[in-house]
Amino acid sequence: MNVTRRLVVLAPVALAACNAAPAAGPASSRDPDLVPRATPGWLAWVEGYKTRAASRGLSPSVIDRAFRGAGFVPGVVARDRNQTEFRRSFEDYLQIVASEERVAQGRAAFARQRGTLDRIEARYGVPAQIVAAIWGVESRYGARRGDIPVISSTSTLAFDGRRGRFFESQLDAALRILQSGDTTPDRMVGSWAGAMGHTQFIPTSYLSNAVDFTGDGRRDIWGEDPTDALASTAAYLANAGWRRGARWSDEVQGGNLRPDAGGPAFRTGPNFRVIKRYNNSDNYALAVGYLADRIAGAGPLRTGFGADRFGMTLEQRIALQRRLTAAGYDAGTPDGVIGRGTQAAISAYQRANGLAVTGDPSPALLRALGG
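Residues numbered from 1 in each chain as written. Predicted model: local features only at pLDDT ≥ 70, side-chain atom pairs only at ≥ 80, totals over all residues. Heavy atoms only, no water.

For the protein chain, an unreviewed UniProt entry supplies the name MltB_1 protein and the organism Jannaschia aquimarina.

S.K.: Explain the confidence of the model for the protein chain to me, please; I cannot follow it from the model alone.
M.R.: Do not read the predicted coordinates in detail wherever pLDDT is low. Summing up the model confidence of the protein chain, the mean pLDDT is 91 and the portion of residues at 70 or higher is 91%. Here residues 1-11 scores under 50 on pLDDT; set against residues more than four positions off or in separate chains, the count is 66 contacts. (pLDDT = per-residue confidence, 0-100. Contact = heavy atoms within 4.5 Å.)

S.K.: In this structure, what is going on with the UniProt feature "domain: Transglycosylase SLT" (unreviewed entry) in the protein chain? I would like to understand it.
M.R.: Within this numbering scheme, the UniProt entry marks residues 44-253 and 260-293 as carrying the feature "domain: Transglycosylase SLT" (unreviewed entry). Overall, residues 260-293 shows 62% helix and 12% strand. The separation of its end C-alpha atoms is 20 Å. (UniProt positions renumbered as here; feature names shortened; annotations may be inferred. Helix = DSSP H or I, 4+ residues; strand = E, 2+ residues; numbered from the N terminus.)

S.K.: Can you help me understand the pattern of salt bridges in this one?
M.R.: Pairs can form between side chains of opposite charge whenever their charged atoms are close. Scanning all chains against the criterion turns up 24 salt bridges. Across the pair aspartate 160 and arginine 81 runs a salt bridge whose closest N-O atoms are separated by 2.5 Å. One end of the pair, aspartate 160, is in helix 8 (residues 150-160); the other, arginine 81, is in the loop between helix 3 (74-80) and helix 4 (90-97), with 79 residues separating them in the sequence. Of the residues examined, arginine 81 reaches a relative accessible area of 56% and is grouped as exposed. The partner of glutamate 100 in a salt bridge is arginine 294, and the shortest N-O contact between them spans 2.8 Å. Placement of glutamate 100 in helix 5 (residues 100-112) and of arginine 294 in helix 13 (residues 282-295) is noted, with a sequence separation of 194 residues between them. Glutamate 100 sits in the partly exposed class, given a relative accessible area of 47%. The exposure class of arginine 294 is buried, given its relative accessible area of 3%. (Salt bridge = Lys/Arg side-chain N within 4 Å of Asp/Glu carboxyl O. Buried < 20%, exposed > 50% of the residue type's maximum accessible area, 1.4 Å probe, protein only.)

S.K.: Is there a simple way to explain the nonpolar core in this structure?
M.R.: Generally speaking, soluble globular proteins have nonpolar side chains that are buried together. Counting residues in hydrophobic clusters, the biggest one holds 87 residues, and the most contacted among them are Phe67, Ile130, Ile151 and Leu237. Each of domain 1 (34-72 + 147-195) and domain 2 (90-142 + 233-296) contributes no fewer than three residues to this core. Setting aside residues up to four positions removed in sequence, leucine 237 forms contacts with Val126, Ile130, Ile134, Trp242, Val274, Ile275 and Tyr278. Judged by nonpolar contacts, the second largest core, of 11 residues, contains Leu324, Ala345, Tyr349 and Leu369. (Core = buried A, V, L, I, M, F, W, Y, C linked by side-chain atoms within 4.5 Å. Domains from an automatic or database assignment.)

As structure tokens, this is what we get:
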């Protein structure tokens, strides 16, 4: 739900990347490797699972209905096994999850949901902007909630066995959600790891914390209306010990936390640790706090990050991406984050121009491109 990136730490709410890029959002089942398929091994495992699930009090009819059309999803296993890919700076992480574009989107979403968020704050004591920021980081304010069937994803990971016991418990919880009538199998979709809805709850956390704030008899975190999801997030934080009136983090000179050497420093408060209960990452909690403050009207960080390990500033990296794309080497969105797409574009340019192929940005490369 996804920064020195250590992908998927098992956060209590979402199987979010500890320092991952939630901005990338949940994967889409339109990807060929994310289409469920009923393989023989998975089918045999499911038959054994059905017996175990029924012994734990789950209705056989609910189980059968849930597995109708489900299948093994190979892309889920591939993503689960490829989680420690590279490490990102805090500056990069902010560019991914709390860019100026994301701030503008957050302010617009906040304005649309202000009445609802104020009511949620009054009930649970969690500031409206914090809930809105988590919504933004986890699903781009509902734009990317994931569309992989949760029964397929969790059963795939349980069958795969690397974290089989954990994911079998998630599969049990998903079936209990269906048994309660909160949603239906076709609507129960989410990320490749089974995180669901606007704020990316895993099934067990949903069972423990989801609320019916609209009063319609269902705890609906999947639909277009984000009300129940936002309220459930506030309930989760309240249950985790949120202190009314206490701060989460503030940028200060000489603070107790400096995620990037030479970058801004922060003083953290007790609610910073509560945000980490949602995703156990300093960078995640700092980004949520920063985005929350920006949504509420605060300005950007006062201290810049300076040059990166390649000797380039954010502005130079953005210029490099733009010039690569203009030269015919697609570097993706010019956001200053040097990911795989930009590295591939750099490598292609270097190869075509007789340079050592490193895939690394540099001021010399920017100058060669006319920057």
